[in-house]
Each structure stands twice: as structure tokens, then as C-alpha cells.
Amino acid sequence: MTPISIVIITLNEEKRISRLLDDLSKQSHQQFEVIVVDSNSDDNTCEVARGFEQALPSLTVHKMDERGTSLGRNTGAQIAKHERLLFLDADARLSPTFLTNALYELDNRKLEVAGAYMAAKDLSIGYKLGYGLFNAGLFTTSFFFPTAVGACLFSTKRAHNEIDGFDQTIVLCEDCDYAKRAAKTWRYRMIPVSFWFDPRRLEQDGFVKMGLTYLKANVRRFFLGEMRNNEMEYQFDHYKDAR
């Protein structure tokens, strides 16, 4: 099966990065490299990640001098040695068969760029219903105005380089812009695999508030274009550990 380069962006994730790296060490598909790109963390994120060098022999930890989500993803893609790419956030979690199932779907459907669904593992019924609506939106928009979740996004070096990677001037929804631009050349689709992540974002912002924020952002993008000048106020990197 296809080898893959996994790019994980981090910023002060010493309490979460080990969970994702442990998930990767248990994958049924093991033909991959892991590239941790750290945005100059103030904590021990890099040291914790390097502690997995034995469990993940093809692990690279790259610490940047600057901070930036798109910068980190582009840096990781530049370092990557395999054609197939997977971009992950540090708080993503994967089942043991995630890579096997995803790569089968990507190869079978001949997709260059694709998204994955969000799973509401161990969350309340309310959250599960909300996730269902969000996933339905991801599926529907994939046919005419792709919206993606950068926390788990598949691509290839060919597609990434063709569109010049993630636009580092965009302050919100840079992942959706990436999928939209890629879809102009390649067919973009959601594949039937799912990931889950630390619910700290939902617990602190509230699912309704967060959902409305992203709905408003994408409606604005559809009619007025990408946001490069803080057109919508949104605070990043303020999340604490989930209870």
C-alpha cells in the first residue's frame, strides 16, 4: 500500500501530542513517516515527541522560529519524502485501522485531496447530533464549494506544490481555501473514515457558538472571498485541557 508522510503541527501540545503519536505507533499500516513541525512552543512538546523515536523510527521533529498554522503545514510538506501527505493537528486521535482504510479509499477513488469526517466518540447525544450536521455540511459542500477540516486533511506533494500550499496570508479557514483551490484541478471528496479530537474547543467555546462561527465564516467566504485582514474576530491557541 502507498507510503505516506504525516505532518503534525504543534504549539504547546506536550499534554496531547503523545496520544496521537501512540495512535500512529499502533496503525495496521506502517509505511509512513511522521514529521512534527513545532511553532516554537514554550513547553516540552518537542521533547515529548522525540520520546517516540523508538516507537516511530521514521519520526522527525522540526522546531520553527516563527509561529503559524499554514507555515507549519507548508514546512512539513517541504520536508516530506513521500508523495502522499496527511496533515494532522496534535489533538487528533486515530483508530488503529485509520491509515489502512483511508489509503484504500484514496487509491480506489483516485483522489489527490480529500477530507475525513469528525467522530463524536464518548461525547453526549447533543454533540453527536451537532457533529452529524457538521459532517453533512462537509459532504454536501464537497461537490461545489469544498469546506475542509485541517485537523485531518489528505493531499499529495503534486497537488500541494501545484497550488503553492496553504495560503499563509489567510487568518481563518485556510484549510477550506486549500481544498477549494485544489478542487479547481482535482476532484475533492470526503472519504468514509473518521477521526476524533480533544473536545476542549467545544467545552470552552460551546458547540453552537463554534458551529455558528464557522458557518458565518464560510458564508462570508462564499460571497466575499477569503479573510486576510481579521474580518472576523476569532481567538486561536486559547484552549486548555478538557476536563
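Below is a short write-up of the structure.

Rules and cut-offs
- Residues numbered from 1 in each chain as written.
- Predicted model: local features only at pLDDT ≥ 70, side-chain atom pairs only at ≥ 80, totals over all residues.
- Heavy atoms only, no water.
- Helix = DSSP H or I, 4+ residues; strand = E, 2+ residues; numbered from the N terminus.
- Buried < 20%, exposed > 50% of the residue type's maximum accessible area, 1.4 Å probe, protein only.
- Pairing = 2+ DSSP bridges.
- Contact = heavy atoms within 4.5 Å.
- Axes fitted to C-alpha atoms, helices over the stretch in contact; angles between N-to-C directions.
- Salt bridge = Lys/Arg side-chain N within 4 Å of Asp/Glu carboxyl O.

Phi is positive for Asn 40, which is not a glycine, with a value near 55°. Mapped onto the elements of the fold, Asn 40 is located in the loop between strand 2 (32-38) and helix 2 (45-50). The exposure class assigned to Asn 40 is partly exposed, which follows from its relative accessible area of 32%. Backbone geometry places Lys 110, a non-glycine residue, at a positive phi of 55°. As for its position among the elements, Lys 110 is in the loop between helix 4 (98-109) and strand 6 (113-118). For Lys 110, a relative accessible area of 70% corresponds to the exposed category.

Spatially, eight strands are ordered 3-2-1-4-7-6-8-5 in an open sheet, and the strand pairing comes out mixed. Each edge of the open sheet carries a strand with a single partner, namely strand 3 (59-63) and strand 5 (92-93). For strand 2 and strand 3, the ladder comprises five bridges, and the chain directions are parallel. Considered in strand 3, the bridge of Asp 38 is made with Lys 63. Against the sheet, helix 4 touches strand 1 (4-10), strand 2, strand 4 (84-89), strand 6, strand 7 (152-156) and strand 8 (188-197), its axis set at about 175° to strand 8. Running at roughly 165° to strand 6, helix 5 (residues 125-141) makes contact with strand 6 and strand 8 of the sheet.

Following the criterion strictly, the structure yields nine salt bridges and no others. Between Asp 42 and Arg 67 there is a salt bridge, with its nearest N and O atoms 3.2 Å apart. Remark: Arg 67 occurs in the loop between strand 3 and helix 3 (69-79) and Asp 42 occurs in the loop between strand 2 and helix 2; sequence separation between them is 25 residues. On the basis of relative accessibility, which here comes to 44%, the residue Arg 67 falls in the partly exposed class. Between Arg 73 and Asp 89 there is a salt bridge; the shortest N-O distance is 3.4 Å. Taken together, the residues span a long stretch of sequence, with Arg 73 in helix 3 and Asp 89 in strand 4 at a distance of 16 residues. For the pair Arg 73 and Asp 89, one class covers both residues: buried.

What is shown is where atoms sit, not what they do.
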